[in-house]
Amino acid sequence: RDLVRSRGLGDVYKRQEPTAMRKRQLGRITGDFAVNILASVIYTFARQIVVFPLLAARLPEDTYGTLLTVTGLVNVCTALVGNSLNNIRLVQNSQYEERGIQGDFNLLCALGCAGSVVFSAVLWQVFAYDTVTALLLTAYLMVSNLYQYACAFFRLELNFKRIFWCNVLVSLAYTAAAFPFATESLWPMVFLIGEGAGLLYVSLRTPFVHEPCRRTPLFGETAQKAVVFMLSSLVGNLLLYADRMIIYPVLGPESVSYYSTASFFGKSAGIVMTPIAGVLLGYFAQKSFRASRRLFVLVNGISAACLGVFFLGCWLLAPWFTRLLYPTLYEASAPYILLANLGAVVSIAGNMAQPMILKCCSTRWILAIQLVYGGTYLLLAMALLPAYGLTGFCWATILANGVRLLALYALGLWKF
């Protein structure tokens, strides 16, 4: 450095140093994306390629359709509690660090788990499960909520390698549990073992269990934001699994099986790509982050291009994969594969647009968009499903997700 400056090239050095730093940062971010995508691929393979096809093969179509409806409702609950607290922890963490205090989140987790017990009791009554299945389902709900929240610690540390190894462990646990427990009474055991392995790993590798379960001066603000985000998450996740909850009472459990099979390829991609949004939010949670319109356009332009390529892959490969994994359901599902996957792709694009808006805009904006999205979805579904069956429902999904995506793009361009 001294030699460069002695030759009068100090300005050149100053220009090159930030450039090298930016290259290192870009390399690290690219590596984090790659690791997180690989982790998601492994997790998706275990659930979508091993667990659900095995359950579909062993259970009757109506029983499997009911199972899909219940797991959809369970996923709504875990997203509402565990995943919402995960995201709020990322948004609020800097305030806790600045004040040097700990608390609130484990208390909120405990309250959420108590709510999960009530929710499980409702599922027990509605679907008339036996006692063993109901108890296993309750345990799965509580463990999954804790696991979904605790993963926030890896994202705060930007330690995506540990997320990778955690997903490997969870995937192995799911796969090992699927073969002995893929039965009508014991199927929740598969999910309990899988999520339980993840919770054990996170508890050993993070300070999650050591944080105090107490209230702090920030509790009111954090709880308020959590409630708003939970309401937004409730709307979004109810609609994510609306195919099961709307189709089930109108067309029956068999149609739930057909639609879920048709949309399998696109929803699997959603599971793989959604953690990319988690990587983005992890970086956005850092104190040094500054949002800009240029960055918003760049992130969403790249995601839209990637999703366009993926949809082309759906058109070419989804029928083949669906026939391979769900041979007994393929014929009835085939007419809906392209439309169902298009709806999934548009939904993923919205999920990719949301992290920067969540960090930089009021959560009330997210809630407002979700309510508009939800109203559009329900109106279109109720109008098109009875008249046009699953084809009408596919179009309702595409149009409603399109409204949400355009609203997120418009808000991002306006705010940034």
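For the structure given in this document, a descriptive report is provided here. All values reported here derive from a predicted model rather than from experimental measurement. (Residues numbered from 1 in each chain as written. Predicted model: local features only at pLDDT ≥ 70, side-chain atom pairs only at ≥ 80, totals over all residues. Heavy atoms only, no water.)

## Focus on the overall build of the protein
Our working rule: Per the convention used, a helix needs a DSSP run of H or I reaching at least four residues, while a strand needs a run of E reaching at least two, with both numbered from the N terminus. Summary of the burial criterion: residues with accessible area below 20% of their type's maximum are buried, those above 50% are exposed, and those between are partly exposed, where the area comes from a 1.4 Å probe applied to protein chains only. In this analysis, two residues are considered to be in contact whenever any of their non-hydrogen atoms come within 4.5 Å of each other. Accessibility throughout is a Shrake-Rupley quantity obtained with a 1.4 Å probe, and a residue counts as covered only by protein chains that appear here.
If you tally the helices and strands in the protein, you get 16 helices and 0 strands. Counting across all 416 residues of the protein, residues that qualify as buried make up 54%. Within the protein, contacts between residues at least 6 apart in sequence are counted, and of these 84% link residues at least 24 apart. When the accessible surface of the protein is split by element, carbon and sulfur atoms take 67% of a total near 18,700 Å².

## A few points about the environment of Ala46
As for its placement among the helices and strands, Ala46 is situated in helix H2 (residues 10–58). Here the alpha-carbon distance between Ala46 and Val168, two residues 122 residues apart in the chain, equals 9.4 Å. If near-sequence neighbours (up to four positions away) are discounted, Ala46 is found in contact with Val51, Ser171, Tyr174 and Thr175.

## Concerning the environment of Gly350
Examined against the element boundaries, Gly350 turns out to sit in helix H15 (residues 337–360). For Gly350, a relative accessible area of 0% gives the class buried. The sequence separation of Gly350 and Leu406 amounts to 56 residues, and the corresponding C-alpha distance is 8.4 Å. Those residues in contact with Gly350, other than ones at most four positions away along the chain, are Arg404, Leu405 and Leu408.

## Comments concerning the state of the cysteines
As a reminder of what qualifies: Pairs of cysteine sulfur atoms within 2.5 Å are identified as disulfides in what follows.
If you walk through the whole model with that rule in mind, you get 0 disulfides. Free of any disulfide, Cys109 has its nearest neighbouring cysteine sulfur in Cys113, separated by 6.0 Å. Overall, the relative accessible area of 2% leaves Cys109 in the buried class.

## Points about unusual backbone geometry
One non-glycine residue, Asp104, lies in positive phi territory at about 75°. Tracing the backbone shows Asp104 in the loop between helix H3 (61–99) and helix H4 (105–127). Given the relative accessible area of 0%, Asp104 is considered buried.

## A word on the nonpolar core
For the record, the criterion: Throughout this description, the term nonpolar core refers to a set of buried Ala, Val, Leu, Ile, Met, Phe, Trp, Tyr and Cys residues connected via side-chain atoms within 4.5 Å.
Ranked by internal contacts, the top residues of the largest apolar core, which has 94 residues, are Leu55, Tyr64 and Phe191. Not counting the four nearest positions on each side in its chain, Leu55 is found in contact with Tyr64, Leu67, Ala182, Trp187 and Phe191. In this structure, Phe296, Ala353, Ile369 and Leu408 belong to the second largest nonpolar core, which totals 9 residues.

## Examining a nonpolar patch on the surface
Put simply, the test is: Candidates for patches are residues over 30% relative accessible area with no salt bridge; among them, like charges are joined within 9 Å and nonpolar side chains (Val, Leu, Ile, Met, Phe, Trp, Tyr) within 5 Å. Each reported salt bridge corresponds to a side-chain nitrogen of Lys or Arg within 4 Å of a carboxyl oxygen of Asp or Glu.
A surface patch of nonpolar side chains, amounting to about 510 Å² of accessible area, comprises Leu312, Trp315, Leu316, Leu317 and Leu338. By residue number, the principal contributor to the nonpolar patch is helix H13 (residues 293–325), which donates 4 residues. Here Trp315 lies in helix H13. Judged by its relative accessible area of 52%, Trp315 falls in the exposed class.

## Observations concerning the environment of Val228
As for its position among the elements, Val228 is in helix H9 (residues 219–240). Along the backbone, Val228 and Trp365 are 137 residues apart, and their C-alpha atoms lie at a distance of 9.9 Å.

## Thoughts on the packing of H3 against helix H11 (residues 253–262)
What counts here: To get an axis, a line is fitted to the C-alpha atoms, and for a helix only the part in contact is used. The angle between two axes follows their N-to-C directions and goes from 0 to 180 degrees. Roughly parallel covers angles under 35 degrees, roughly antiparallel covers those over 145, roughly perpendicular covers 65 to 115, and oblique covers all other angles. Charged means Asp, Glu, Lys or Arg here, nonpolar means Ala, Val, Leu, Ile, Met, Phe, Trp, Tyr, Cys or Pro, and polar covers whatever is left, Gly included.
Contact pair H3 / H11: the axes reach a minimum separation of 7 Å and the direction vectors enclose 70°. One way to sum up the angle between H3 and H11 is to call them roughly perpendicular. Contact residues: H3 offers Glu61, Asp62, Tyr64, Gly65, Thr66, Leu68 and Thr69, while H11 offers Pro253, Glu254, Val256, Ser257, Tyr258 and Ser260. Its residues placed into classes, the contact of H3 with H11 shows 5 nonpolar, 5 polar and 3 charged.

## Notes on H13
Put simply, the test is: The angle between axes fitted to the seven-residue stretch ending at a residue and the seven-residue stretch beginning at it gives the bend at that residue.
The sharpest bend along H13 measures roughly 55° and falls at Leu317, with the proline Pro319 sitting one to four residues further on. Along H13, the residues that are buried comprise Phe296, Val299, Asn300, Ser303, Leu307, Phe310, Gly313, Cys314, Ala318, Thr322 and Leu325.

## Structural notes on the side chain of Gln92
As a reminder, the rule being used: Definition of a polar contact: a pair of N or O atoms within 3.5 Å, with one able to donate and the other able to accept a hydrogen when the atoms are protein atoms, and with sequence-neighbouring residues admitted only if both atoms are side-chain atoms.
Tracing the sequence through the fold places Gln92 in helix H3. Among the polar contacts listed, one links the side chain of Gln92 to the side chain of Thr222, at a separation of 3.2 Å. Reaching out from Gln92, the side chain makes a polar contact with the side chain of Lys225 at a distance of 2.9 Å. The residues touching Gln92, leaving out its near neighbours within four places in the chain, are Phe105, Glu221, Thr222 and Lys225.

## Re the side chain of Thr322
Looking at where Thr322 falls in the secondary structure, it is placed in helix H13. The class of Thr322 is buried, set by a relative accessible area of 0%. A polar contact is formed between the side chain of Thr322 and the backbone oxygen of Ala318, at a distance of 2.7 Å.

## Remarks on the packing of aromatic side chains
Put simply, the test is: Planes of paired rings set the category: under 30 degrees apart is stacked, over 60 is edge-to-face and the rest tilted, where pairs are Phe, Tyr or Trp rings (Trp by its six-membered ring) whose centres lie within 6.5 Å.
Scanning the entire structure with this criterion turns up 17 aromatic pairs. Arranged with centres 5.9 Å apart and planes meeting at 50°, the rings of Phe52 and Phe191 form a pair that is tilted. Of the two residues, Phe52 is situated in helix H2 and Phe191 in helix H8 (residues 187–205); the sequence distance between them amounts to 139 residues. Owing to a relative accessible area of 1%, Phe191 belongs among the buried residues under this scheme. Residues Trp365 and Trp414 carry aromatic rings whose centres are separated by 5.3 Å and whose planes lie at 80° to one another, so their mutual orientation is edge-to-face.

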